[in-house]
Amino acid sequence: MARTEPSPTAPPGSVLLRRYIDDAGTTIPAFATIAGIDRTQVQRLVEGSGAKRVSVMTATRIERASGGAVPVSAWATEEDIDTVEILHDGAIVPAEGTA
């Protein structure tokens, strides 16, 4: 089976997730099981095709399963950055003036 690689337009989270999976010596199916995410979804996230809008829950599961190597903020879009603030403890709250 061919190795899944991030597309050139993939978000930083896709690149970091591929790197984490490689560095950990694991596989997409094994990581998906650990993270509690469907294997197909993880594969799409690594490719970048399923990474246009990643839910906070999915991003949090990835961050926890990767030991912080793939932070929630790696999946943020420009729109997210304008509407939320990620605190030092990892909490995500509405940005000032958007709530």
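Being a predicted model, the structure only gives us computed values, none of them experimental.

Where helix H1 (residues 12-23) contacts helix H3 (residues 39-47), the axes come no closer than 7 Å and their chain directions differ by 115 degrees. Mapping the contact onto sequence places Ser14, Leu17, Arg18 and Ile21 in H1 and Val42, Leu45 and Val46 in H3. The residue inventory of the contact of H1 with H3, partitioned by class, reads five nonpolar, one polar and one charged.

The next point concerns the side chain of Thr58. With respect to the helices and strands, the residue Thr58 is situated in helix H4 (residues 56-65). Note on Thr58: relative accessible area 11%, which makes it buried. Excluding residues that lie within four positions of it along the chain, Thr58 makes contacts with Ile37, Gln41 and Leu45.

Calculation notes
Residues numbered from 1 in each chain as written. Predicted model: local features only at pLDDT ≥ 70, side-chain atom pairs only at ≥ 80, totals over all residues. Heavy atoms only, no water. Axes fitted to C-alpha atoms, helices over the stretch in contact; angles between N-to-C directions. Helix = DSSP H or I, 4+ residues; strand = E, 2+ residues; numbered from the N terminus. Contact = heavy atoms within 4.5 Å. Nonpolar A, V, L, I, M, F, W, Y, C, P; charged D, E, K, R; others polar. Buried < 20%, exposed > 50% of the residue type's maximum accessible area, 1.4 Å probe, protein only.

These results come straight from atomic positions and should not be treated as a statement about function.
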